[in-house]
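One-letter residues, chain by chain:
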Amino acid sequence: MRMEQTFEPARPLAQHCAELTATGPRPEDRSEFLTIWRRDVGRALSEAMGSLLAGERMSVSLGEPEWITGAQVFDRVGKVAANSLIRCGEASKTMLLSFDFATAEALTDRSFGGDGAMPEQPAEQLPRSAALLIDQAAMIIAQAITDVSCEEGAVEARGDVIVRSESAARLKPFGPATPCALFVIELTAENGASWKSLLAMPADRLDGMLPGLGAAKSSGSAAQASHSGAFDTIPLPLEAVLAEFNLSLGKLDQLAPGDEIALTVPREIPLRTGSTMLAHGSVGTLEDRMAVRLTRISQGTSGQ
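Residues numbered from 1 in each chain as written. Predicted model: local features only at pLDDT ≥ 70, side-chain atom pairs only at ≥ 80, totals over all residues. Heavy atoms only, no water.

1. Brief notes about the overall build of the chain
Helix and strand counts for the chain stand at nine helices and eleven strands. A buried classification covers 33% of the 304 residues belonging to the chain. A fraction of 61% describes how many contacts in the chain between residues 6 or more apart in sequence connect residues 24 or more apart. Carbon together with sulfur atoms contributes 53% to the accessible area of the chain, which is approximately 19,500 Å² in total. (Helix = DSSP H or I, 4+ residues; strand = E, 2+ residues; numbered from the N terminus. Buried < 20%, exposed > 50% of the residue type's maximum accessible area, 1.4 Å probe, protein only. Contact = heavy atoms within 4.5 Å. Areas by Shrake-Rupley, 256 points an atom, 1.4 Å probe, with all protein chains shown as cover.)

2. Describing the packing of aromatic side chains
Applying the stated criterion across every chain yields a total of two aromatic pairs. On the numbers, 5.4 Å between centres and 20° between planes, the contact of phenylalanine 74 with phenylalanine 174 is stacked. Pair noted here: phenylalanine 74 is in helix H3 (residues 70-77) and phenylalanine 174 is in the loop between helix H6 (168-171) and strand E6 (179-188), with a separation of 100 residues, a long-range link. For the residue pair phenylalanine 74 and phenylalanine 174, the accessibility class agrees, reading buried in each case. (Phe/Tyr/Trp six-rings, centres within 6.5 Å; stacked < 30°, edge-to-face > 60°.)

3. What to know about the packing of helix H4 (residues 101-111) against helix H5 (residues 128-149)
Relative to each other, H4 and H5 sit at 90°, their axes nearing to 9 Å. Between H4 and H5, the crossing angle belongs to the class labelled roughly perpendicular. Along its contact with H4, which presents Ala104, Leu107, Thr108 and Ser111, the element H5 presents Ser129, Ala130, Leu133 and Ile134. When the residues that make up the contact of H4 with H5 are grouped by side-chain class, the tally is five nonpolar, three polar and no charged. (Axes fitted to C-alpha atoms, helices over the stretch in contact; angles between N-to-C directions. Parallel < 35°, antiparallel > 145°, perpendicular 65-115°, else oblique. Nonpolar A, V, L, I, M, F, W, Y, C, P; charged D, E, K, R; others polar.)

4. Looking at the pairing of strand E10 (residues 276-286)
For strand E9 (residues 269-273) and E10, the ladder comprises five bridges, and the chain directions are antiparallel. Within E10, the residue paired with proline 270 across the bridge is histidine 280. (Pairing = 2+ DSSP bridges.)

5. Notes on the sheet that holds strand E8 (residues 239-240)
Strand order in the open sheet made by the four strands is E8-E9-E10-E11, with antiparallel pairing throughout. Two strands bound the open sheet, and with one partner strand each, they are E8 and strand E11 (289-297).

6. A few points about the side chain of histidine 280
Take histidine 280: it is sitting in strand E10. Relative accessible area serves as the criterion here: at 16%, histidine 280 is assigned to the buried category. For histidine 280, the residues in contact, after removing those within four places along its chain, are Glu268, Ile269, Pro270, Arg293, Leu294, Thr295 and Arg296.

7. Focus on the pattern of salt bridges
If you walk through the whole model with that rule in mind, you get nine salt bridges. Residues aspartate 40 and arginine 39 are paired through a salt bridge, measuring 3.0 Å at the closest nitrogen-oxygen approach. For aspartate 40, a relative accessible area of 24% gives the class partly exposed. Residue arginine 39 is classed as partly exposed on the basis of its relative accessible area of 41%. (Salt bridge = Lys/Arg side-chain N within 4 Å of Asp/Glu carboxyl O.)

8. Looking at the side chain of threonine 94
Along the chain, threonine 94 turns up in strand E4 (residues 94-99). Residue threonine 94 is classed as buried on the basis of its relative accessible area of 13%. Each residue touching threonine 94, except ones within four places of it in the same chain, is listed here: Leu85, Ile86, Arg87, Ile162, Met201, Pro202 and Arg205.

9. Some thoughts on the nonpolar core
Within the largest apolar cluster, 46 residues are counted, with the highest numbers of intra-cluster contacts made by Trp37, Met49 and Ile86. Of all elements in the fold, only helix H2 (27-48), strand E1 (59-62), strand E3 (82-88), E4, H4, H5, E6 and strand E7 (194-202) reach the threshold of two or more residues within this core. Per-element accounting of this core gives the leading share, eleven residues, to H5. Sequence-distant contacts of isoleucine 86, that is, excluding residues within four places in its chain, are made with Lys93, Thr94, Met95, Leu97, Ala138, Ile141, Ala142, Asp160, Val161 and Leu199. By size, the runner-up hydrophobic cluster in this structure holds 14 residues, among which are Ile68, Val73, Phe74 and Leu85. (Core = buried A, V, L, I, M, F, W, Y, C linked by side-chain atoms within 4.5 Å.)

Below is the structure:
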């Protein structure tokens, strides 16, 4: 008895396009780009930050990132600090920069010729001179990061400070549950005095800050986007939630026509599809209809 048998495939084998099977940068590649970026940011800041101390040479280093959540970043910053939301070139490249009050006072002391020692009892309210110095430091840091992060040959971009607040959470640099990269910036003066500040951004934004790595990811995303046109016309139901409130089962059971329920409309209302939050906006009118003006886009959502 012959047991041999030839099997034919029931259908052609699947052929996957390169865009679906391609993988992102290897961890060792990302680590190399990140190391170079941290080194270059430190060098750029060492050259630029001296202007805060009347030309005194300052050594600056950017530490390894710590991978934590947005809520943990806010805990590290504390309830009150000299916080700035900085933008590094593109509108989407924003970061949280934070100096505690003691550091701000010590830097200011050094800029006026003191030794720059940390005060034993930090002020409850930042002095005007310290606030001005931190504003200047934030501008310098934003521009240095922008210069280092721009691709070679790109149009010169500008770094700036968008808004400031003593509350980091109020600046809304990211959500409490957002995975973040937290860096410690260490500044050291010629006399050995040392100060630290915190720099944080959403983890998925970091790759775009790394020259070379960001460009490679962008080209891969563009190629993949060219295959997504078939889905562009699929309609998605969106909800603009004017108000949400709790009602007990007892009151719900007693509702009748003519009952009135008071609503409190927030300054920003959410726009979502299903359980996915897409954006927030303010309520207004457009011609003779109610309208929503978008004020911010949720993380991970395209701003187009």
